Amino acid sequence: QVQLVESGGGLVQAGGSLRLSCAASGGSFIAVTIVTMGWYRQAPGKQRELIANITRGGSTNVVDSVKGRFTISRDNAKNTVYLQMNSLKPEDTAVYYCNAKQFVGQLRDYWGQGTQVTVSS
């Protein structure tokens, strides 16, 4: 089992910045068994969508809608993934969820509890 604890959400004005963190725990082997960590978001009335993810090797994928504004990074030693969000817009308002994909014989998805990001205009 993998537990994910997120932090860093809040209220910010448009044009501002926030940094989300997500720490994974759940045993000695998660550093090698968690193959991908990422961030999704879900705005009211919308489906949850992928924002960015990063592999254990450091390869990143960032969706076009936030590319150039959001940066994902990972500290494997701390089993932590970060999402640096700059130039925030009101349309970035959503609950942001951390995701971890762990491979132990099969691929399993784990989710954090979500953290609210609200961008005021």
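Along each chain, the written sequence defines residue order, and numbers are assigned to residues from 1. A pLDDT threshold of at least 70 governs which residues receive local features in this predicted model, and a stricter bar of 80 or more applies before side-chain atom pairs are shown or counted, although totals over entire chains, interfaces and linings include all residues. Computation of side-chain values covers all heavy atoms of the structure but excludes hydrogens and water.

**Student:** Hey, could you run me through the overall build of the protein chain in this one?
**Tutor:** Strands here mean DSSP runs of E at least two residues long; helices mean DSSP runs of H or I at least four residues long; both are numbered from the N terminus. Within the protein chain, the secondary structure is distributed over one helix and 11 strands. Going from the N terminus to the C terminus, the protein chain shows its helices and strands as β-β-β-α-β-β-β-β-β-β-β-β. Each radius of gyration reported is based on C-alpha atoms, and the globular scaling rule is 2.2 Å times the count of residues to the power 0.38. Taking 2.2 N^0.38 as the reference for a compact globule, 121 residues should give roughly 14 Å; the C-alpha atoms of the protein chain span a radius of gyration of 14 Å, in line with that estimate. With the principal axes as the frame, the protein chain shows a C-alpha extent of 45 × 25 × 20 Å. Throughout, a contact is declared for two residues whenever any of their heavy atoms are within 4.5 Å. When contacts within the protein chain are restricted to residue pairs at least 6 apart in sequence, those whose partners lie at least 24 apart make up 53%. Split by element, the accessible area of the protein chain, about 6300 Å² in all, is 49% carbon and sulfur. Note on areas: Shrake-Rupley with a 1.4 Å probe; residue coverage comes only from the protein chains shown.

**Student:** So what exactly am I meant to see when it comes to the packing of aromatic side chains here?
**Tutor:** The description of an aromatic ring pair rests on the distance of the ring centres and on the angle between the ring planes. For Phe, Tyr and Trp, where Trp contributes only its six-membered ring, two rings pair if their centres lie within 6.5 Å, and the inter-plane angle classes them as stacked under 30 degrees, edge-to-face over 60, or tilted in between. Using the criterion set out here, one finds one aromatic pair in the structure. Measuring from ring centre to ring centre gives 4.9 Å for Tyr40 and Trp111, while their planes differ by 70°; the resulting arrangement is edge-to-face. Placement of the pair is Tyr40 in strand E4 (residues 34-42) and Trp111 in strand E10 (residues 107-111), with a sequence separation of 71 residues. A relative accessible area of 37% places Trp111 in the partly exposed class. Each residue is assigned to one of three classes by its accessible area relative to the maximum for its type, calculated with a 1.4 Å probe on protein chains only: buried under 20%, partly exposed between the two thresholds, exposed over 50%.

**Student:** I keep staring at the pairing of E10 and nothing clicks. Help me out?
**Tutor:** Successive residues of a regular strand alternate their side chains across the two faces of the sheet. Relative to E10, strand E9 (residues 94-103) is paired through five bridges, and the arrangement is antiparallel. Bridge pairing links Gln102 to Arg108 in E10. In short, DSSP must find at least two bridges between two strands for them to pair. From the end of E9 to the start of E10, which pair antiparallel, there are three residues, and Gly105 there has a positive phi angle of about 85°.

**Student:** What's the story with the nonpolar core in this structure? I'm lost.
**Tutor:** Most often, soluble globular proteins have nonpolar side chains that are buried together. Residues Leu4, Met37, Trp39, Leu83, Met85 and Tyr96 are the most contacted members of the largest nonpolar core, which totals 30 residues. Those elements giving two or more residues to this core turn out to be strand E3 (18-25), E4, strand E5 (49-55), strand E7 (70-75), strand E8 (80-85), E9 and strand E11 (115-120). Only buried residues count toward a nonpolar core, which is a set of Ala, Val, Leu, Ile, Met, Phe, Trp, Tyr and Cys residues joined through side-chain atoms within 4.5 Å.

**Student:** Please explain the pattern of salt bridges as it appears in this structure.
**Tutor:** Side chains that carry opposite charge are capable of pairing whenever their charged atoms lie near each other. A pairing counts as a salt bridge when a side-chain nitrogen of Lys or Arg comes within 4 Å of a carboxyl oxygen of Asp or Glu. Under the criterion given, the structure shown has five salt bridges. Close ionic contact of Arg69 with Asp92 constitutes a salt bridge, the shortest N to O distance being 2.7 Å. Separated by 23 residues along the polypeptide, Arg69 in the loop between strand E6 (60-62) and E7 and Asp92 in the loop between E8 and E9 bring together distant segments of the chain. We classify Arg69 as buried; its relative accessible area is 11%. Note on Asp92: relative accessible area 1%, which makes it buried.

**Student:** How should I be thinking about the environment of Ala31 in this particular structure?
**Tutor:** With respect to the helices and strands, Ala31 occurs in helix H1 (residues 30-33). Its relative accessible area of 30% is what places Ala31 among the partly exposed residues. Sequence separation between Ala31 and Thr80 is 49 residues; the distance between their C-alpha atoms is 9.7 Å. Those residues in contact with Ala31 that lie beyond four places of it in its chain are Arg56, Asn76 and Asn79.

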